[in-house]
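Below are the chains, spelled out letter by letter.
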Amino acid sequence: SHDTQRIASAIANRPPAAERHHYHDGNSFDYDIHHRVGPRHNHDYNVLPPDAEGRRLWKMVALFQAAYPGAPMIYYGTEMGMWGADDPDDRMPARWPDMDFEPMTHLPRGKLDHPIPQDFDEDIFNFYRAALRLRQQEPALRRGDFTLIEANDEYQLFVFSRQDEERTLVAAFNRGHRNARPQLPAGRPTLLLGTDPAITPHLLPPHSAALFALDGE
């Protein structure tokens, strides 16, 4: 949302694994803590877009929003590949694909040493479009029951199903740094969408997610 960092910048500034267990302040959300969400109060804040690992996490977030109960809230431009720190960096013009934009040269704390290109991100856009198209096409993702299948802290694996009278869908997320084997319910799983080409019903590579349909027992 506005008045805090964009999801891409939250990913780019994710804390080390050892520090991810707690909020900075247990009585408030981290998106309200100024030194965590922008360069004006934190000169170590990363103003660059997510790295390769971060882009994998970004797609995981998109699929999670499409598959989890509740209406997805996507701040404008996220699907275009936009990143940005706290206000005003999160209010830059949308990067329409038919327009050219000059590189970013300044931030609230001053001029950047190296300009940052501001281009439409077709890869991120296509993944958001695919994930949200599935949500539109699959009633179970919008109105189906939610069942937790697996939450494995050791492997950082999270698996749940969305089910209605017609169809059972299973979403699996591997947030860990090693391969994981999701425990899917009985049936013949068909991969509908994945964030990694190496995904199978029996294997999730590190930092990957997938949505499967179960076609029967």
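Worth saying up front: this structure is predicted, and the values here are computed from it rather than measured.

**Student:** Explanation requested: the overall build of the protein in the structure shown.
**Tutor:** Helix and strand counts for the protein come out as 5 helices and 7 strands. For the protein, the sequential pattern of α-helices and β-strands runs α-α-α-β-β-α-α-β-β-β-β-β. In the protein, buried positions account for 40% of the 217 residues. Counting only contacts in the protein whose residues sit at least 6 apart along the sequence, the fraction spanning at least 24 positions is 59%. Per element, the accessible surface of the protein, about 12200 Å² overall, is 51% carbon and sulfur.

**Student:** It is not clear to me how the environment of Asn126 should be interpreted in this structure. Could you clarify?
**Tutor:** On the secondary structure map, Asn126 appears in helix H4 (residues 122–137). For the pair Asn126 and Met80, spaced 46 residues apart in the sequence, the C-alpha separation amounts to 9.0 Å.

**Student:** What's the story with the packing of helix H3 (residues 52–67) against H4 in this structure? I'm lost.
**Tutor:** The angle between the axes and the distance between the axes are what describe a pair of packed helices. Packing of H3 against H4 leaves a shortest axis separation of 8 Å and a crossing angle of 20 degrees. Taken together, the axes of H3 and H4 lie roughly parallel to each other. Handedness of the crossing formed by H3 with H4: right-handed. Taken together, the residues of H4 that come into contact with H3 (itself represented by Arg55, Trp58, Lys59, Ala62, Leu63, Gln65, Ala66 and Ala67) are Asp123, Ile124, Phe127, Tyr128, Ala131, Leu132 and Arg135.

Calculation rules
Residues numbered from 1 in each chain as written. Predicted model: local features only at pLDDT ≥ 70, side-chain atom pairs only at ≥ 80, totals over all residues. Heavy atoms only, no water. Helix = DSSP H or I, 4+ residues; strand = E, 2+ residues; numbered from the N terminus. Buried < 20%, exposed > 50% of the residue type's maximum accessible area, 1.4 Å probe, protein only. Contact = heavy atoms within 4.5 Å. Areas by Shrake-Rupley, 256 points an atom, 1.4 Å probe, with all protein chains shown as cover. Axes fitted to C-alpha atoms, helices over the stretch in contact; angles between N-to-C directions. Parallel < 35°, antiparallel > 145°, perpendicular 65-115°, else oblique. Left-handed = near helix turned anticlockwise from the far one by under 90°.

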